[in-house]
Amino acid sequence: SSSQQQISSSLLNVISVFATTGSNSFRATQSITGSLTVTGQIIAQTLNVQQVTSSIVFSSGSNTFGCDLNSRQTFTGSVLMTGSLIVNTVSNIINLNGLGSLTSIGSSLNIQEVYDLENLTGLNNLTSIGNSINIISCNNLTTLNGIGSITSLNGSLVLNGNNQLSNISSLS
């Protein structure tokens, strides 16, 4: 019994402080109080970050923002796209206000079968498109208001099947 107490006392002392080198495997939940500095890679199946106080660079792969149409993402500052912006086969969207910080698209702007879209408001800060604008089969689109700030379009403007479109004066 005396040796068990001595072992228990020793274990309590060991549990409170760990200093490790090399590779380690942990099971169950681990907690770190203070800072963690990693000079190599962090490989995780799931990474839950509660606050980002710096920049995040996605260097490869695809990214999904949100899990459904009710998810909302907010970008502060300008957004520059080097690829295409594709909005395809969606209902319940009447404008593009969530894209207000978008200033440039490197390739094409494709808006197709966005059935409830009434105007392009939200693209007001968009000034440059590297290729074309394709707006196809947006049944409730009545005006192109929202794309009047575009000063550089290096491709074509395609408007097709937008049966309610009656005002293109923002293009002048």
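What you are looking at is a predicted structure, and each value in this text was computed from that prediction instead of being measured.

Parameters at a glance
- Residues numbered from 1 in each chain as written.
- Predicted model: local features only at pLDDT ≥ 70, side-chain atom pairs only at ≥ 80, totals over all residues.
- Heavy atoms only, no water.
- Helix = DSSP H or I, 4+ residues; strand = E, 2+ residues; numbered from the N terminus.
- Buried < 20%, exposed > 50% of the residue type's maximum accessible area, 1.4 Å probe, protein only.
- Contact = heavy atoms within 4.5 Å.
- Areas by Shrake-Rupley, 256 points an atom, 1.4 Å probe, with all protein chains shown as cover.
- 1 Å grid on protein atoms, 1.4 Å probe; cavity = no way out; pocket = protein on both sides within 12 Å on 5 of 7 lines; lining within 4 Å.
- Points joined across faces, edges and corners; volume = space filled by probe spheres on them.
- Nonpolar A, V, L, I, M, F, W, Y, C, P; charged D, E, K, R; others polar.
- Core = buried A, V, L, I, M, F, W, Y, C linked by side-chain atoms within 4.5 Å.
- Pairing = 2+ DSSP bridges.
- Patch = residues over 30% accessible without salt bridge, like charges linked within 9 Å, V, L, I, M, F, W, Y side chains within 5 Å.
- Salt bridge = Lys/Arg side-chain N within 4 Å of Asp/Glu carboxyl O.
- Polar contact = N/O pair within 3.5 Å; in protein donor to acceptor, adjacent residues only side chain to side chain.
- Axes fitted to C-alpha atoms, helices over the stretch in contact; angles between N-to-C directions.

Asker: I keep staring at the overall build of the chain and nothing clicks. Help me out?
Answerer: Across its full length, the chain carries one helix and eight strands. Out of the 172 residues belonging to the chain, those deemed buried represent 19%. Counting contacts in the chain only where the partners sit at least 6 residues apart, residues at least 24 apart contribute 55% of the total. About 12,900 Å² of surface is accessible on the chain, with carbon and sulfur atoms providing 47% of the total.

Asker: Sorry, what's going on with the layout of surface pockets here?
Answerer: Here the idea is plain: a probe the size of a water molecule rolls over the atoms and shows the empty space left. Counted as a void, the second largest pocket has a volume near 1,200 Å³. In terms of lining residues, the second largest pocket is bounded by 20 residues, among which I32, L36, T37, V38 and I42 are the most central. Here the lining of the second largest pocket is composed, by residue class, of nine nonpolar, 11 polar and no charged.

Asker: Honestly, the nonpolar core in this entry has me stumped. Any pointers?
Answerer: Most often, soluble globular proteins have nonpolar side chains that are buried together. Of all hydrophobic cores here, the largest spans 21 residues; its most connected members are L109, I111, L117, L120, L123, L126 and I135. Mapped onto this core, the elements with two or more residues apiece are β2 (85-90), β3 (102-105), β4 (109-114) and β6 (133-136).

Asker: How should I be thinking about the pairing of β4 in this particular structure?
Answerer: Where a strand is regular, its side chains alternate between the two sheet faces. Pairing geometry for β2 and β4, over five bridges, is parallel. Each residue of the ladder has a partner; that of L85, found in β4, is L109.

Asker: Sorry if this is basic, but what is going on with a nonpolar patch on the surface here?
Answerer: Among the surface-exposed residues, L153, L157, L159, I168 and L171 lie close enough to one another that they form a single nonpolar patch of about 370 Å² accessible area. Mapped onto the fold, L157 is located in strand β8 (residues 157-160).

Asker: Sorry if this is basic, but what is going on with the environment of S132 here?
Answerer: Tracing the chain through its elements places S132 in the loop between β5 (128-129) and β6. Taking relative accessible area as the criterion, S132 reaches 8% and is therefore assigned buried. Placed 24 residues apart in sequence, S132 and S108 show a C-alpha to C-alpha distance of 4.8 Å. Every residue in contact with S132, bar those within four places of it in the chain, is listed here: S107, S108, L109, L153, G155 and S156. Here the side chain of S132 touches S108 through a polar contact of 3.3 Å, side chain to side chain. Looking at S132, its side chain comes within polar contact range of the side chain of N134, at 3.2 Å.

Asker: Teacher, can you tell me more about the side chain of T143 here?
Answerer: With respect to the helices and strands, the residue T143 is situated in the loop between β6 and β7 (152-153). At 3.1 Å, the side chain of T143 forms a polar contact with the backbone nitrogen of N145. Discounting residues that sit within four places of it in the chain, T143 has contacts with E118, N119, L120, L165 and N167.

Asker: I'm lost on the environment of L96 in this one. Help?
Answerer: With respect to the helices and strands, the residue L96 is situated in the loop between β2 and β3. Linking L96 and T121, residues 25 residues apart in sequence, is a C-alpha distance of 5.6 Å. In this structure L96 touches I111, L117, L120, T121, G122 and L123, once residues within four positions along its chain are discounted.

Asker: Even after reading the chapter, I still don't get the environment of S156, so can you show me in this structure?
Answerer: Tracing the sequence through the fold places S156 in the loop between β7 and β8. Distance from S156 to N131, taken between C-alpha atoms, is 7.2 Å for residues 25 residues apart in sequence. Aside from chain neighbours lying at most four places away, what touches S156 is N131, S132 and I133.

Asker: Would you mind showing me how to read the sheet that holds β2 here?
Answerer: For sheets, the rule is that strands pair by backbone hydrogen bonds, running either parallel or antiparallel. Reading across from one edge, β2-β4-β6-β8 is the order of the four strands in this open sheet, with parallel pairing throughout. Pairing within the sheet leaves two strands with one partner each, and these edge strands are β2 and β8. Each neighbouring strand pair of the sheet contributes to a mean axis angle of 5°, computed without reference to strand direction. By the bridge criterion, four bridges tie β4 to β6 in an arrangement that is parallel. Within β6, the residue paired with L109 across the bridge is I133.

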